[in-house]
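Tertiary structure, described
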Amino acid sequence: IFGQRLEDTVQYEKKFGPRLAPLLVEQCVDFLRDRGLDEEGLFRMPGQANLVKELQEAFDCGDKPLFDSNTDTHTVASLLKLYLRELPEPVVQSHCNENKMSVQNLATVFGPNILRPKMEDPVAIME
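What you are looking at is a predicted structure, and each value in this text was computed from that prediction instead of being measured.

Side note on the side chain of Ser78
Structurally, Ser78 can be placed in helix H4 (residues 73-86). If near-sequence neighbours (up to four positions away) are discounted, Ser78 is found in contact with Met45, Pro46, Gly47 and Val52.

The following block contains the structure:
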């Protein structure tokens, strides 16, 4: 599934039941929501490269590897980042000429709305 179009993966996985996102994304997000939100440096610190590669190969072969209590949160975050990075098209496409905003400006606008702290203190959001 790495390197495939998002739409193609979702369409293929519909035969396993209704879903809005690929299983890999659902598994990673669920795991990180349950075990990674308090982790220092999540999405900044790299995971175990050999394990990321093993998980990537397993998903690419059609396996559905499960994350357990021994799974490192940074490894799962790295796997999710790798999946998103290898998509042939960005999840949100930017048409800079049409909307007059650069990719960096869009990230600045959408970032705080996509990734929010538990408290809604504006000062804390900007730190």
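A short note on the packing of helix H3 (residues 49-60) against H4
Two elements in contact, H3 and H4, have axes separated by 9 Å at closest approach and are oriented at 55°. Classified by the interaxial angle, the pair formed by H3 and H4 is oblique. H3 and H4 meet at a crossing whose hand is right-handed. Facing Leu51, Val52, Leu55, Gln56 and Phe59 of H3, the residues of H4 in contact are Thr75, Ser78, Leu79, Leu82 and Glu86. Residue composition of the contact of H3 with H4, grouped by class: six nonpolar, three polar and one charged.

Thoughts on the packing of aromatic side chains
Aromatic rings in a pair are described by how distant their centres are and how their planes are angled relative to each other. Taken as a whole and assessed by the stated rule, the structure comprises three aromatic pairs. Ring geometry for Tyr12 against Phe16: centres 5.9 Å apart, planes inclined by 75°, an arrangement best described as edge-to-face. According to the relative accessible area criterion, Tyr12 is partly exposed, its value standing at 49%.

Describing the side chain of Arg19
Structurally, the position occupied by Arg19 is in the loop between helix H1 (6-13) and helix H2 (23-35). At 3.5 Å, the side chain of Arg19 forms a polar contact with the side chain of Glu26.

Re the pattern of salt bridges
One pass over the full model with this rule turns up five salt bridges. Ionic pairing is found between Arg5 and Asp8, a salt bridge with its closest N-O pair at 3.3 Å. Note on Arg5: relative accessible area 35%, which makes it partly exposed. Judged by its relative accessible area of 39%, Asp8 falls in the partly exposed class. Of the charged contacts, one joins Asp30 and Arg33 as a salt bridge, the two residues approaching to 3.4 Å between their closest N and O atoms. Residue Asp30 and its partner Arg33 are located together in helix H2, separated by three residues, close to a single helical turn.

As for H1
Considered for burial, the residues of H1 that qualify are Thr9, Val10 and Glu13. The buried residues of H1 all sit within an arc of 95° when viewed along its axis, so they share a single face. At its buried positions, H1 is contacted by H2 and H4.

Looking at the nonpolar core
One finds Phe2, Leu24, Cys28, Leu32, Phe67, Leu79 and Tyr83 to be the most contacted residues of the largest nonpolar core, which totals 19 residues. For this core, the secondary-structure elements that each account for two or more residues are H2, H3 and H4. Top contributing element to this core by residue count: H4, with six residues. If sequence neighbours within four positions are ignored, Leu24 has contacts with Ile1, Phe2, Phe59, Leu79 and Tyr83.

The rules behind each value
- Residues numbered from 1 in each chain as written.
- Predicted model: local features only at pLDDT ≥ 70, side-chain atom pairs only at ≥ 80, totals over all residues.
- Heavy atoms only, no water.
- Helix = DSSP H or I, 4+ residues; strand = E, 2+ residues; numbered from the N terminus.
- Contact = heavy atoms within 4.5 Å.
- Axes fitted to C-alpha atoms, helices over the stretch in contact; angles between N-to-C directions.
- Parallel < 35°, antiparallel > 145°, perpendicular 65-115°, else oblique.
- Left-handed = near helix turned anticlockwise from the far one by under 90°.
- Nonpolar A, V, L, I, M, F, W, Y, C, P; charged D, E, K, R; others polar.
- Phe/Tyr/Trp six-rings, centres within 6.5 Å; stacked < 30°, edge-to-face > 60°.
- Buried < 20%, exposed > 50% of the residue type's maximum accessible area, 1.4 Å probe, protein only.
- Polar contact = N/O pair within 3.5 Å; in protein donor to acceptor, adjacent residues only side chain to side chain.
- Salt bridge = Lys/Arg side-chain N within 4 Å of Asp/Glu carboxyl O.
- Arc of directions from axis to C-beta.
- Core = buried A, V, L, I, M, F, W, Y, C linked by side-chain atoms within 4.5 Å.

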